[in-house]
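# Topology and contacts: notes
Spelled out from the first residue to the last, the chains are:
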Amino acid sequence: MSGAAAVDGAARYDHYRLYRVELATDEQVQLFQQLEAKSDSCTFYGHARQPGQQLTIMVSASKVADFEDLLALHAVSGRVLERNMQQLIEREAATVQPASTDPSQMDWDHYFQLETIYAWMELLAERFPGAVSTLDIGTSYEGRPIRGVKLSRRPGNKAIVVEGGIHAREWISPATATFLLHELVTSEDPTVRELGTAYDWFFFPIVNPDGYRFTFTGDRLWRKNRKPYGLCRGVDLNRNFDSNWGGVGSSDDPCSYDFSGSGPFSEPEAVALADFVRNNVGPARIRTYIALHSYSQLLMFPYGHTADRVPNYDHLRSITEKGIAALTAVSGTSYRGGSKYETIYPSSGGSIDWAYRPGGVPVSLTFELRGPPDSTDMFILPADQIRPVGKETLAAFVAIVQEAARLGYYDS
């Protein structure tokens, strides 16, 4: 690996296999619930919940035979998506730039490390002093700043917040956030220019800097922050917000990937984001909050924890449908939309749910960027997809804001 990525003691996934299984019966669902609870050799991407569900599971090399046997014994339909996860990681590593890369070398054909992205944000503010400024909204558990960029070309604008990198391994999220920011600042396209002029923008491309750093130096597939809890480390920051905290779709086990923390807002990174929204929703007139995740090609709105519809459900549905249509028109990428609960899986303590209420931001959305739900790349999306993802997501942003404006969300 280039740069700081070639570290002795980093996690390796040689001959780890990625499976996609289909759960047909209640018995199979219970079986996989037990497997997730008992096995540290099977990494689940989602929980077994109901018959008819498809589930992606990574199986360590030493347990592949046992896993194949389990599928056969219980007549579970499954297929191999990837035979060697380490190969995916090493293919991607060739496109990772060193941590020492000069910010003037920033592009959207490679993946960049925290240091370069932060320095690039400063460089952008230097290059466009009238419109762009940086702001640090807090400090991570390990003492890194949580850095943002404000773009403002006109006084009195309504504001839009973009959150990236809350889950460390989702590298396409910060890459897309910086792509969108760069376009809004520099594009000559009149539609994009107007979007970057008629609204104020706050971008936080990496709200989990410790976790992001660790995906380059320790474990490419790390998700959480890095705060220790007994034997294990890390809280899923997107389960730590005070919105049905500790409820469905979150865990009280510190070793689980969706551990929700010791209490609502137990983590400094979640506190920093929430404080920023709380303190600025009125003064900065924040009307839209968009979080970028991967993967599954979804565009969703609150809530994650209940099937009950939010009061402006029909508006949010219309906004997401317009966003998806614009995105798909760019290069044919298919997306699904709806509330988080009905579209992906139940979850609690998420940032967009909290931003919506009690945060008071009426248009709160979350993207699950490429690839598709049965992706073989998962979080390890090839760098040559950064620009295509950026372009189609920009088209979605334009349509989202236009439809929200049409529905009156940016009126005084």
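About the cut-offs
- Residues numbered from 1 in each chain as written.
- Predicted model: local features only at pLDDT ≥ 70, side-chain atom pairs only at ≥ 80, totals over all residues.
- Heavy atoms only, no water.
- Domains from an automatic or database assignment.
- Contact = heavy atoms within 4.5 Å.
- Buried area = accessible area lost by both parts, 1.4 Å probe.
- Salt bridge = Lys/Arg side-chain N within 4 Å of Asp/Glu carboxyl O.
- Helix = DSSP H or I, 4+ residues; strand = E, 2+ residues; numbered from the N terminus.
- Nonpolar A, V, L, I, M, F, W, Y, C, P; charged D, E, K, R; others polar.
- pLDDT = per-residue confidence, 0-100.
- UniProt positions renumbered as here; feature names shortened; annotations may be inferred.
- Pairing = 2+ DSSP bridges.
- Axes fitted to C-alpha atoms, helices over the stretch in contact; angles between N-to-C directions.
- Disulfide = S-S within 2.5 Å.
- Phe/Tyr/Trp six-rings, centres within 6.5 Å; stacked < 30°, edge-to-face > 60°.
- Buried < 20%, exposed > 50% of the residue type's maximum accessible area, 1.4 Å probe, protein only.
- Lys NZ or Arg CZ within 6 Å of the ring centre and 35° of its normal.
- Core = buried A, V, L, I, M, F, W, Y, C linked by side-chain atoms within 4.5 Å.
- Parallel < 35°, antiparallel > 145°, perpendicular 65-115°, else oblique.

### A closer look at the domain arrangement of the protein chain
- Domain boundaries in the protein chain define domain 1 (17–83) and domain 2 (99–224 + 237–407).
- Inter-centroid distance (C-alpha atoms) of domain 1 to domain 2 is 30 Å.
- Each partner contributes to the interface: domain 1 provides 13 residues, whereas domain 2 provides 14 residues.
- Between domain 1 and domain 2, a total of about 990 Å² is buried, with carbon and sulfur atoms accounting for 58% of that surface.
- Scanning the region where domain 1 abuts domain 2 turns up one salt bridge.
- Elements that contribute at least two residues to the side of domain 1 that touches domain 2 include exactly β1 (17–23), β2 (42–45), β3 (53–59) and β4 (77–82).
- Grouping the constituent residues of the side of domain 1 that touches domain 2 by class yields five nonpolar, three polar and five charged.

### What to know about the side chain of S339
- Looking at where S339 falls in the secondary structure, it is placed in strand β13 (residues 336–339).
- Once residues lying within four places of it in the same chain are set aside, the contact partners of S339 are M300, F301, P302, Y303 and Y313.

### Comments concerning the confidence of the model for the protein chain
- For the protein chain, the average pLDDT comes to 96, and 98% of its residues sit at 70 or higher.
- Per-residue pLDDT stays below 50 along residues 1–6; that stretch engages in 16 contacts with residues further than four places along the chain or on separate chains.

### Structural notes on the UniProt feature "domain: Peptidase M14" (unreviewed entry) in the protein chain
- The UniProt feature table records "domain: Peptidase M14" (unreviewed entry) at residues 110–404.
- For residues 110–404, helix accounts for 37% and strand for 19%, while the C-alpha atoms at its two ends are 33 Å apart.

### Comments concerning the sheet that holds strand β12 (residues 298–301)
- In spatial order, the strands read β5-β6-β8-β7-β11-β14-β12-β13; together these eight strands make up an open sheet with mixed pairing. Bordering the open sheet on either side are β5 (132–139) and β13, each of which pairs with just one other strand. Between one strand axis and the next, the sheet turns by 20 degrees as a mean value, whatever way the strands run.
- Direction of pairing for strand β11 (residues 286–294) relative to strand β14 (residues 363–369): parallel, over a ladder of seven bridges. Counterpart to H293 in the pairing with β14 is E368.
- Across the face of the sheet, helix α6 (residues 190–198) comes into contact with β6 (145–151) and β8 (199–204) while running at roughly 90 degrees to β8.

### Comments concerning the state of the cysteines
- In the structure shown here, the tally under the stated rule is one disulfide.
- What pairs with C232 in a disulfide is C255, and their sulfur atoms sit 2.0 Å apart. Across the S-S bond linking C232 and C255, the dihedral sits near 90 degrees, which makes this disulfide right-handed. You can see C232 sitting in strand β10 (residues 232–233) and its partner C255 sitting in the loop between β10 and α8 (268–280), a full 23 residues away along the chain.
- With no disulfide of its own, C42 lies closest to C255 among cysteine sulfurs, the gap being 16 Å.

### Here we look at the packing of aromatic side chains
- Taken as a whole, this structure holds 26 aromatic pairs when the rule is applied.
- Here the aromatic rings of W108 and F179 are separated by 6.3 Å at their centres, their planes lie at 85 degrees, and the arrangement is edge-to-face. In this pair, W108 is assigned in the loop between α3 (85–93) and α4 (114–127) and F179 in helix α5 (residues 172–186), connecting sequence segments 71 residues apart. Note on accessibility: W108 and F179 belong to one class, buried.
- Put simply, the rings of W201, F203, Y335, F367 and F397 pair up and form one aromatic cluster.
- A cation sits over an aromatic face here: R226 above F214, 3.6 Å from the ring centre.
- Looking at R226, its charged tip hangs above the ring of W222, at a distance of 4.6 Å from the centre.

### Observations concerning the nonpolar core
- The biggest cluster of nonpolar side chains holds 66 residues, and the ones touching the most others in it are Y111, W201, L292, L365 and F367.
- Broken down by element, the residue count for this core peaks at nine residues, all from helix α12 (residues 386–406).
- Every residue in contact with L292, bar those within four places of it in the chain, is listed here: V162, E163, G164, G165, S173, T176, A177, L180, F367, L369 and F397.
- One finds V161, F204, A272 and A291 within the second-largest nonpolar core, a separate group that totals 25 residues.

### Observations concerning the packing of α4 against helix α7 (residues 209–217)
- Where α4 contacts α7, the axes come no closer than 10 Å and their chain directions differ by 130 degrees. Classed by the angle they form, the pair α4 and α7 counts as oblique. Side by side, α4 and α7 meet where L114, E115, I117 and Y118 of the first sit next to P209, Y212 and R213 of the second.

### Points about the sheet that holds β2
- Taking strand neighbours across the sheet as the criterion, the four strands line up as β2-β3-β1-β4 in an open arrangement whose pairing is antiparallel. The sheet is open, and its two edges are formed by β2 and β4, each paired on a single side. For this sheet, the mean angle separating the axes of adjacent strands, direction not counted, is 30 degrees.
- The pairing of β2 with β3 spans four bridges and is antiparallel. Opposite T43, over in β3, you have M58 as the bridge partner.
- Lying over the sheet, helix α1 (residues 26–38) contacts β1, β2 and β3, oriented at roughly 145 degrees with respect to β1.

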